[in-house]
Structures are given as C-alpha cells and as structure tokens.
Amino acid sequence: MYKFANFMQGRNGFDELNGALLVLSIIVSIVARFFWNWHIRLILQLVSMALLGLAVFRMLSTNLYRRSEENRIVKPVISAVTGWFKLTYKRFRDGRTHRYYKCPKCKAQLRVKNIKGKHTIRCPKCGNKFEKTIR
C-alpha cells in the first residue's frame, strides 16, 4: 500500500470527470451489446475502451494544473446531469405524497404536499407567492 501511495504522489488521481468517463464507458459498453451488426458493436466497444483509457490517463497524469482545469470546465455539466437524475428520482419517490412545481420567478423546484384544493405557495428562495390548484 505504501508503494502505491508513493507512486500516486504528485498525480491527479480520481476526480468527477474520471467518474463521468467511467460511467459513460460502462453505458457505451452496455449499449454495444444490443447491436447485432458486428461493425457497430466493434466501433462502440472501441469508443468504450478509449473512454476507459482516457480516464486511466487522466488518473495517472502528473500535469495537475491541466487536469484540474479540465475538471473545472466539465463540473457544471456533470452537476446539472446528476441534479436532473436526483430530482427525477425524488419526483418518482414522492409521487403519491407530494407535487413538484416551478417558481415562475426564479424557476426553483418546489415540493408541495398533495392535498386537494387551492394553495398559495411561497418560494423560499426568492419569496415569490403564487397560487396552484391541486385536483
């Protein structure tokens, strides 16, 4: 373990972009299995391996400034995608007990209890009040 820690000293290691590349590589590899045409399957497997190789290259790279700049540029995209998946999961999980609405002013997602009737909803982010009817 000491030798590995010594080897990784001064290297980039694992960050958000590497995680996204690994997940994307796994997804492309799984999608490739659904194609019967071996040309398309081969191309998708090569793309999957290239993504995996890029993740390993980034992990072992000693150019920390460049790798951190790459990660900083891609981080908002990764957080937007993961945020969408988290919100979709929450909406599915709370489907029977809550409703989700967007604030018309700041576009924040608001969770409201699923109680029939007319409700005045106040956005905690911007303080805007608006009315919704739940049927």
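Residues numbered from 1 in each chain as written. Predicted model: local features only at pLDDT ≥ 70, side-chain atom pairs only at ≥ 80, totals over all residues. Heavy atoms only, no water.

Caption draft 1: Geometry of the packing of helix α2 (residues 16–32) against helix α3 (residues 38–60). Viewed as axis vectors pointing N to C, α2 and α3 meet at an angle of 165°, and their least axial separation amounts to 8 Å. Judged by the angle between their axes, α2 and α3 are roughly antiparallel. In the packing of α2 onto α3, the handedness of the crossing is left-handed. Listed contacts from α3 to Leu17, Asn18, Leu21, Leu22, Leu24, Ser25, Val28, Ser29, Val31 and Ala32 of α2 are Arg41, Leu44, Gln45, Val47, Ser48, Leu51, Leu52, Leu54, Ala55, Arg58 and Met59. (Axes fitted to C-alpha atoms, helices over the stretch in contact; angles between N-to-C directions. Helix = DSSP H or I, 4+ residues; strand = E, 2+ residues; numbered from the N terminus. Parallel < 35°, antiparallel > 145°, perpendicular 65-115°, else oblique. Left-handed = near helix turned anticlockwise from the far one by under 90°. Contact = heavy atoms within 4.5 Å.)

Caption draft 2: Region of the structure containing helix α4 (residues 64–93). An ideal rise of 1.5 Å per residue puts 44 Å on 30 residues; α4 measures up with 40 Å between its terminal C-alpha atoms. The sharpest bend along α4 comes to roughly 40°, located at valine 74, with the proline proline 76 sitting one to four residues further on. For α4, the complete set of buried residues consists of Arg67, Asn71 and Ile78. Those residues of α4 hidden inside the fold are in contact with α2 and α3. (Expected span 1.5 Å × (residues − 1). Bend = angle between axes of the 7 residues up to and from the residue. Buried < 20%, exposed > 50% of the residue type's maximum accessible area, 1.4 Å probe, protein only.)

Caption draft 3: Geometry of the pairing of strand β1 (residues 98–102). As judged from the five bridges shared by β1 and strand β2 (residues 109–113), these two strands associate in the antiparallel manner. Of the residues in β2, the one forming a bridge with arginine 99 is valine 112. As consecutive antiparallel partners, β1 and β2 are separated by six residues, and within that stretch lysine 107 has a phi angle of approximately 65°, a positive value. (Pairing = 2+ DSSP bridges.)

Caption draft 4: Local environment of the packing of α2 against α4. Contact geometry of α2 with α4 gives a least axis separation of 8 Å together with a crossing angle of 60°. What the angle tells us is that α2 and α4 run oblique. Residues Glu16, Leu17 and Ala20 of α2 lie in contact with α4, whose contacting residues are Glu70, Asn71, Val74, Lys75 and Ile78. Each residue belonging to the contact of α2 with α4 can be placed in one class, and the counts come to four nonpolar, one polar and three charged. (Nonpolar A, V, L, I, M, F, W, Y, C, P; charged D, E, K, R; others polar.)

Caption draft 5: Unusual backbone geometry, seen in detail. Positive phi is not limited to glycine here, since lysine 107 has a value of about 65°. Mapped onto the elements of the fold, lysine 107 is located in the loop between β1 and β2.

Caption draft 6: Spotlight on a nonpolar patch on the surface. A grouping of Phe4, Phe7, Met49, Leu52, Val56 and Leu60 is seen on the molecular surface, where their side chains present a nonpolar patch of about 550 Å² in accessible area. Listed by contribution, the elements that provide at least two residues to the nonpolar patch are α1 (2–8) and α3. Looking at the nonpolar patch, the element that brings in the most residues is α3, giving four residues. The topology assignment puts valine 56 in helix α3. Residue valine 56 is classed as partly exposed on the basis of its relative accessible area, which comes to 37%. (Patch = residues over 30% accessible without salt bridge, like charges linked within 9 Å, V, L, I, M, F, W, Y side chains within 5 Å. Areas by Shrake-Rupley, 256 points an atom, 1.4 Å probe, with all protein chains shown as cover. Salt bridge = Lys/Arg side-chain N within 4 Å of Asp/Glu carboxyl O.)

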